[in-house]
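Listed here are the chains, written in short residue letters.
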Amino acid sequence: MRRISMGGTSMGSRGLWLSLAWLSASTALGCGRREALPASQDPGAEPPAQPEEPAAPLQESRVERDGLSIAFALRPLDRGQQGEESGLGAAPAAAVAGSDVVAEFTITDASTGAPVRGLTPLGWMSRRAGADGAAAASFSGGAPEASLASGVSAASLASGAPAASLASGAVDAAPDEAACRGKIRSFMAGLLSVRPEVDMNAYLLWTLNQDNTLSAINPQVTLARTQLRSVVSLAGPGVSFVLHPDRESLYVTLRGGRGLAVVDTRRGLVRTNVPVGQDPSRVVIAPDGRTVWVGNDGDGTVSVIDARSTDVLKTLPVGPGHHEIAFTGGGRAAWITSQQGESVAVVDGETLEPLGEIAVGEGIVSIAASDEAGVVHAANAARGEVVVLDAARRAVAGRVALKPGLGALQFDPRGRFSFALNPTANEVAVLDGATGAVAHTLTGLAAPDAVTFTGAFAYIRNRGAARVSLVDRAALGGAAAPPLVNIAVGQGPPLAAAARPGPAALATPIAPLPEGNGALVASPADKALYVYVEGMMAPIGTLPSYGREPRSLLVEDRSLKEVRPGVYATTVRLGEGGRYDVELLLDRPRTGVCLEATVAPARCAPGDGEADGSGCGGDPVKDIAIAPLFEPDLRLAAGEPATLRFRATAGEGGPPLDAEDIEVMVVRFPTGYRFRGAPRAEGDGTFSVAFTPPAPGQYRFLAAVPGRGAPVGALPSVPLRVSPRGAGAHVGGAR
């Protein structure tokens, strides 16, 4: 039911139109009764056991409809970013324009207070006409001041009644039932003329590029100047990456002894670099999300890392060569291969103690596990065979003879069939997990090196041709081999890319759409991403990769998820300041309601500092001071690393700033490149960030302290000039 919009064209799943049909016929759709809540009041009954108490809300509102009590809250991203914990006093901070916050719906039974679970809600925030940032300037923490320039009383706004007028003009009243229904219908239809400022059904695309960067691309942005949300500079070229199930962290293995980078997806910067073994390659996350496993190909070890603290829990000696890792029993056992070793090591997923080794022979290049079939398949490239391992007995159950040259190996989501790709023989063997026999041999491929699955199809990337081959999964149970459906993708084959990809088993160039009815395909040769929807004969759209070669691709689903019983939340970036309607569509019962929220303006005019208009270089924020320790006429050299130092201080009465409080962004003007970096503390309030400008041009250095009410753009920016390499770099004391 979510959608992608590109270049003025809106694409949604086939189920969208069915949803619109019942939406128009539903009599339960409306805005309901509004009730403004004090920020401290708890809407509905929270479940007794929670992993962590949520931060106090910045503001809340509630409606009751069809026996449901629905509360909406905006919360800061982290605990301690408001109130006495941050030294800002007891009153909650405001929801500030351009900042990232948690949007949260709590849905309970109106009579019993019991949480309503298992819903699939859709949510939006739309700014009311006339609710400009100047008018919202009088609000703090969702509560207006006693008076406004227009003379509107605070009491009328605090009660939820719309203001008749504000300083810059009248604000539209809250929508009635028909208007609420119409806005939800328009948002679901993807009309460019009626777009929400905040879409809670969005997702980001993360690409691992051929250089030392990650790109975050928002495919649903159509009217902004760029869909590139951020570029994350890594300490070295990335090898493989994986997204944590909580959607807050990306883990990237780095070449050149740089270890494992942990990327904060919300802020778009590297949180830390974890030292691991030599030449880290494959990185996977245990099914329970608690540990991260990194195969160190240079020293024959696997590092097991605590996902929350990023501490290295244990280094396991497993054997020489490239390592691949799979889990059985829901993560109770980890199976680790060593390409130059003779055995597969089995490790207890909780105690990290060895459970045994299984002799399989040298040359294993990939491994896949199926709890459904109770087996583990390991592909031997040199021998051209798949070794079938019994997961319960931890023993070899059989060997399937194929052709030499095997590469990636993966089970389908049901665990019934495994796909053994052979880029040398240009074919794919489909093995039945239950019998261990070859069910089908798919031929006519061009160096197949990666496979991804949707509910209906298997997608096979052809490294030697500009096409993706689809296999109907429903036909795999038949006697005849299912035909291949070839979809032309791009102009050049992946092999034509300037930078050759790493080991085939590490590539993840295809990612399913969140709707489940298509896929995104990375084309390194074309430096683009292609969007394909099942049933079409060609991709329906293209997304640029902004001059970089995307080697691997992940989708970060930022739609509403049930984070606690009856609580549905996601992280959003707020739009301009003003009064907002919050639209919510529930699937069970079929109900649409509208709530409301207030966003305080940024401390400067929006649109002056970033391509997406979320910040600008304006007046200093009270009690926060950023002083660059380099000259205003600083000149850097393209392609040469530099260290930018600055001093950051907090006002009297507030705790001192540390590196985790501060974000740094460098923006190239007029549009395009944006760098986000995590500063390093050097003591005495001095911090530094390493920055390598990609090309000559004009840049701006911006620092932010979002937890203290200073988002990106609220503090003054510092201009940077980047010259061609060798043309007088580092003038002005960057180093």
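If you're wondering where the values come from, they're calculated on a predicted model, not measured in any experiment.

1. Describing the overall build of the protein chain
Part 1 of the argument: For the protein chain, the helix and strand inventory stands at four helices and 55 strands.
Part 2 of the argument: Counting the 735 residues in the protein chain, one finds 56% classified as buried.
Part 3 of the argument: In the protein chain, the proportion of contacts linking residues at least 24 apart, taken out of those at least 6 apart, comes to 57%.

2. Structural notes on the packing of aromatic side chains
Part 1 of the argument: Enumeration according to the criterion identifies nine aromatic pairs in this entry.
Part 2 of the argument: Ring geometry for phenylalanine 630 against phenylalanine 701: centres 5.6 Å apart, planes inclined by 85°, an arrangement best described as edge-to-face. Remark: phenylalanine 701 occurs in strand 54 (residues 697–704) and phenylalanine 630 occurs in the loop between strand 47 (624–628) and strand 48 (635–637); sequence separation between them is 71 residues. An identical accessibility class is assigned to phenylalanine 630 and phenylalanine 701; each is buried.

3. As for the nonpolar core
Part 1 of the argument: Core analysis: the biggest nonpolar cluster contains 28 residues, and Ile70, Phe72, Phe105, Ile107, Met125 and Met200 have the highest contact counts within it.
Part 2 of the argument: Put simply, the parts of the chain that give this core at least two residues each are strand 5 (68–75), strand 6 (100–109), strand 44 (567–573), strand 45 (578–587) and strand 46 (590–599).
Part 3 of the argument: In contact with isoleucine 70, other than residues within four places in its own chain, are Ser61, Arg62, Val63, Phe105, Thr106, Ile107, Leu584, Leu586, Val593 and Leu595.

4. Concerning the layout of surface pockets
Part 1 of the argument: Computed from the structure, the second largest pocket encloses a volume of approximately 1,500 Å³.
Part 2 of the argument: Lining of the second largest pocket is provided by 48 residues; of these, Val242, Arg282, Val284, Gln410 and Thr508 occupy positions nearest its centre.
Part 3 of the argument: Broken down by secondary-structure element, the contributors of at least two residues to the lining of the second largest pocket are strand 14 (238–243), strand 18 (280–285), strand 22 (325–328), strand 26 (364–370), strand 30 (409–411), strand 34 (448–453), strand 38 (510–512) and strand 42 (550–557).
Part 4 of the argument: Here the residues of the lining of the second largest pocket are counted per class, giving 34 nonpolar, six polar and eight charged.

5. Digging into empty space enclosed by the protein
Part 1 of the argument: Inspection of every chain in the model, using the stated rule, returns five cavities of 30 Å³ or more.
Part 2 of the argument: One number sums up the size of the largest cavity: a volume of about 70 Å³.
Part 3 of the argument: Counting only elements with at least two residues in the lining of the largest cavity, the list comes to strand 35 (457–462), strand 36 (467–472) and strand 39 (518–523).
Part 4 of the argument: Among the elements that take part in the lining of the largest cavity, strand 39 stands out by supplying three residues, more than any other.

6. Quick word on the environment of leucine 243
Part 1 of the argument: Among the structural elements, leucine 243 can be located in strand 14.
Part 2 of the argument: Put simply, leucine 243 and valine 555 are 312 residues apart on the chain and 8.5 Å apart in space, counted from C-alpha to C-alpha.
Part 3 of the argument: The residues touching leucine 243, leaving out its near neighbours within four places in the chain, are Ser249, Leu250, Thr265, Ile285, Leu554, Val555 and Glu556.

7. Section: the pairing of strand 27 (residues 375–380)
Part 1 of the argument: Here strand 27 lies mainly inside the structure; six of its six residues are buried.
Part 2 of the argument: Burial of strand 27 is two-sided: the residues Val375, His377 and Ala379 facing one way and the residues Val376, Ala378 and Asn380 facing the other way are all buried.
Part 3 of the argument: Pairing geometry for strand 26 and strand 27, over six bridges, is antiparallel. Bridging across to strand 27, isoleucine 364 finds its partner in asparagine 380.
Part 4 of the argument: Adjacent in sequence and paired antiparallel, strand 26 and strand 27 are bridged by four residues, among which glycine 374 carries a positive phi angle near 70°.
Part 5 of the argument: Across six bridges, strand 27 lies against strand 28 (residues 385–390) in antiparallel orientation. Across the sheet, valine 375 pairs through a bridge with aspartate 390, a residue of strand 28.

8. Here we look at the side chain of serine 230
Part 1 of the argument: Its place among the elements puts serine 230 in strand 13 (residues 228–233).
Part 2 of the argument: Accessibility expressed as a relative area gives 5% for serine 230, which makes it buried.
Part 3 of the argument: Those residues in contact with serine 230, other than ones at most four positions away along the chain, are Leu214, Ser215, Ala216, Gly268, Arg674 and Arg676.

9. Some thoughts on the confidence of the model for the protein chain
Part 1 of the argument: Chain-level pLDDT for the protein chain is 79 on average; 75% of the residues reach the 70-or-more range.
Part 2 of the argument: Ignoring residues within four places in sequence, the model shows residues 79–92, a span with pLDDT below 50, making 33 contacts including any to other chains.
Part 3 of the argument: Ignoring residues within four places in sequence, the model shows residues 133–169, a span with pLDDT below 50, making 68 contacts including any to other chains.

10. What to know about the sheet that holds strand 18
Part 1 of the argument: The strand order across the open sheet built from four strands is 18-19-20-21, with neighbouring strands paired in antiparallel fashion. The open sheet terminates on both sides in strands that have one partner only, identified here as strand 18 and strand 21 (312–317). For this sheet the average axis-to-axis angle between neighbouring strands, irrespective of direction, equals 20°.
Part 2 of the argument: Pairing geometry for strand 20 (residues 301–306) and strand 21, over five bridges, is antiparallel. From the neighbouring strand, threonine 301 faces strand 21, where its bridge partner is proline 317.

11. Section: the sheet that holds strand 38
Part 1 of the argument: Judged by pairing direction, the sheet is antiparallel, and its four strands sit side by side in the order 38-39-40-41 without closing on themselves. Of all the strands in the sheet, just strand 38 and strand 41 (541–544) have a single pairing partner and so form its edges. With strand direction ignored, the average angle separating the axes of adjacent strands in the sheet is 20°.
Part 2 of the argument: Pairing geometry for strand 38 and strand 39, over three bridges, is antiparallel. Directly across from proline 512, in strand 39, lies its bridge partner alanine 519.

12. Considerations on the state of the cysteines
Part 1 of the argument: Within the structure shown, the criterion is met by one disulfide.
Part 2 of the argument: The disulfide bridge from cysteine 180 ends at cysteine 594, spanning 2.1 Å between sulfur atoms. With the S-S dihedral at roughly 100°, the linkage between cysteine 180 and cysteine 594 falls on the right-handed side. In this pair, cysteine 180 is assigned in helix 4 (residues 177–189) and cysteine 594 in strand 46, connecting sequence segments 414 residues apart. Each of the two residues, cysteine 180 as well as cysteine 594, counts as buried.

13. Remarks on the pattern of salt bridges
Part 1 of the argument: As enumerated under the stated definition, the model contains 25 salt bridges in all.
Part 2 of the argument: Here arginine 558 makes a salt bridge to glutamate 556, at a shortest N to O gap of 2.8 Å.
Part 3 of the argument: Members of the salt-bridge network, linked through shared partners, are Arg128, Lys183, Arg579, Asp581, Glu583 and Glu596.

14. Description of the environment of serine 523
Part 1 of the argument: Tracing the backbone through its elements, the reader meets serine 523 in strand 39.
Part 2 of the argument: When its relative accessible area of 5% is taken as the criterion, serine 523 is described as buried.
Part 3 of the argument: Residues serine 523 and proline 509, spaced 14 residues apart in sequence, show a C-alpha to C-alpha distance of 7.8 Å.
Part 4 of the argument: Residues in contact with serine 523, not counting those within four places in the same chain, are Gly492, Ala528, Tyr530 and Pro550.

15. Structural notes on the side chain of serine 69
Part 1 of the argument: Counting through the fold element by element, serine 69 comes out in strand 5.
Part 2 of the argument: On the accessibility criterion, serine 69 (8% relative accessible area) is buried.

About the cut-offs
- Residues numbered from 1 in each chain as written.
- Predicted model: local features only at pLDDT ≥ 70, side-chain atom pairs only at ≥ 80, totals over all residues.
- Heavy atoms only, no water.
- Helix = DSSP H or I, 4+ residues; strand = E, 2+ residues; numbered from the N terminus.
- Buried < 20%, exposed > 50% of the residue type's maximum accessible area, 1.4 Å probe, protein only.
- Contact = heavy atoms within 4.5 Å.
- Phe/Tyr/Trp six-rings, centres within 6.5 Å; stacked < 30°, edge-to-face > 60°.
- Core = buried A, V, L, I, M, F, W, Y, C linked by side-chain atoms within 4.5 Å.
- 1 Å grid on protein atoms, 1.4 Å probe; cavity = no way out; pocket = protein on both sides within 12 Å on 5 of 7 lines; lining within 4 Å.
- Points joined across faces, edges and corners; volume = space filled by probe spheres on them.
- Nonpolar A, V, L, I, M, F, W, Y, C, P; charged D, E, K, R; others polar.
- Pairing = 2+ DSSP bridges.
- pLDDT = per-residue confidence, 0-100.
- Axes fitted to C-alpha atoms, helices over the stretch in contact; angles between N-to-C directions.
- Disulfide = S-S within 2.5 Å.
- Salt bridge = Lys/Arg side-chain N within 4 Å of Asp/Glu carboxyl O.

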